[in-house]
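Survey of secondary and tertiary structure
So you can see what is in the structure, the chains are spelled out below.
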Amino acid sequence: MEKFTIVTSRAVPLVAENIDTDQIIPARFLKATDKLGFGDNVFRDWRFQKDGSINKDFPLNNSIYSGNILVAGNNFGCGSSREHAAWALVGYGFKVIVSSFFADIFKGNALNNGLLPVQVSEDFLKKLIVHLQENPTSELVVNLENQIIETDVGNASFEIDSYKKTCMIHGYDDIDYLISKKEKIVAFEAQVI
């Protein structure tokens, strides 16, 4: 995984609430066995019309919005437990998702794939979405070490599991984390024997 400390970026506002994993990556695209190519189909049924043409009203297709932060409505990642949703968001280029609530399984899958879910209050989220719609070039700063998001509408702190925070800061997956503790593990084993 890529190390994560601070991300400074413009953001894409997605007003919808209860965005489930099938909307993030439709089931018909789950046939692949690796993570490659999932970003091409993120929000596929919202980004494209049934005839395959681009849906110009969808924020990801609107050239005024860009960046690797997605700011979405409440209850993001609900529905099935597919890890492919996190793969698709990361594959598209997102590093941070901001919402007022995340489904637990999605949150875990996101963290395991280097995607930071930043949970803020509903009031803060509403103000931020309106601000981004009115000021699409505005940048957000997400500081993982200090667990704070800085915006033009104010700052907000967020919670994260300390183990997952350590893993993201160092770019570790679970195996990398264990390998980083090899000397301590070997020393402990020597004491036990």
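Before reading further, recall that the structure is shown in the block above.
Figured I'd write up the structure that's included with this text. (Residues numbered from 1 in each chain as written. Predicted model: local features only at pLDDT ≥ 70, side-chain atom pairs only at ≥ 80, totals over all residues. Heavy atoms only, no water.)

Bringing a nonpolar patch on the surface into the picture now. A surface patch of nonpolar side chains, about 380 Å² in accessible area, is lined by I175, L178, I179 and I185. By residue number, the principal contributor to the nonpolar patch is helix 7 (residues 174-180), which donates three residues. With a relative accessible area of 53%, I175 lands in the exposed category. (Patch = residues over 30% accessible without salt bridge, like charges linked within 9 Å, V, L, I, M, F, W, Y side chains within 5 Å. Areas by Shrake-Rupley, 256 points an atom, 1.4 Å probe, with all protein chains shown as cover. Salt bridge = Lys/Arg side-chain N within 4 Å of Asp/Glu carboxyl O. Helix = DSSP H or I, 4+ residues; strand = E, 2+ residues; numbered from the N terminus. Buried < 20%, exposed > 50% of the residue type's maximum accessible area, 1.4 Å probe, protein only.)

Now for the sheet that holds strand 7 (residues 154-157). If you walk across this open sheet you meet the seven strands as 4-3-2-1-5-6-7, and the pairing is mixed. Two strands bound the open sheet, and with one partner strand each, they are strand 4 (116-119) and strand 7. The sheet shows a mean angle of 25° between the axes of neighbouring strands, direction not considered. The pairing of strand 3 (residues 96-99) with strand 4 spans four bridges and is classified as parallel. If you follow V98 over to strand 4, its bridge partner there is V118. (Pairing = 2+ DSSP bridges. Axes fitted to C-alpha atoms, helices over the stretch in contact; angles between N-to-C directions.)

What follows deals with helix 5 (residues 122-134). Counted at 1.5 Å a residue, the expected span for helix 5 with its 13 residues is 18 Å, and the 18 Å between its end C-alpha atoms agrees. All of the buried residues in helix 5 are F124, L125, L128, I129, H131 and L132. End-on, the buried residues of helix 5 take up no more than an arc of 165°, which puts them together on one face. Summarising the geometry of helix 5, the exposed residues directed more than 90 degrees from the buried face are D123, K126 and E134. (Expected span 1.5 Å × (residues − 1). Arc of directions from axis to C-beta.)

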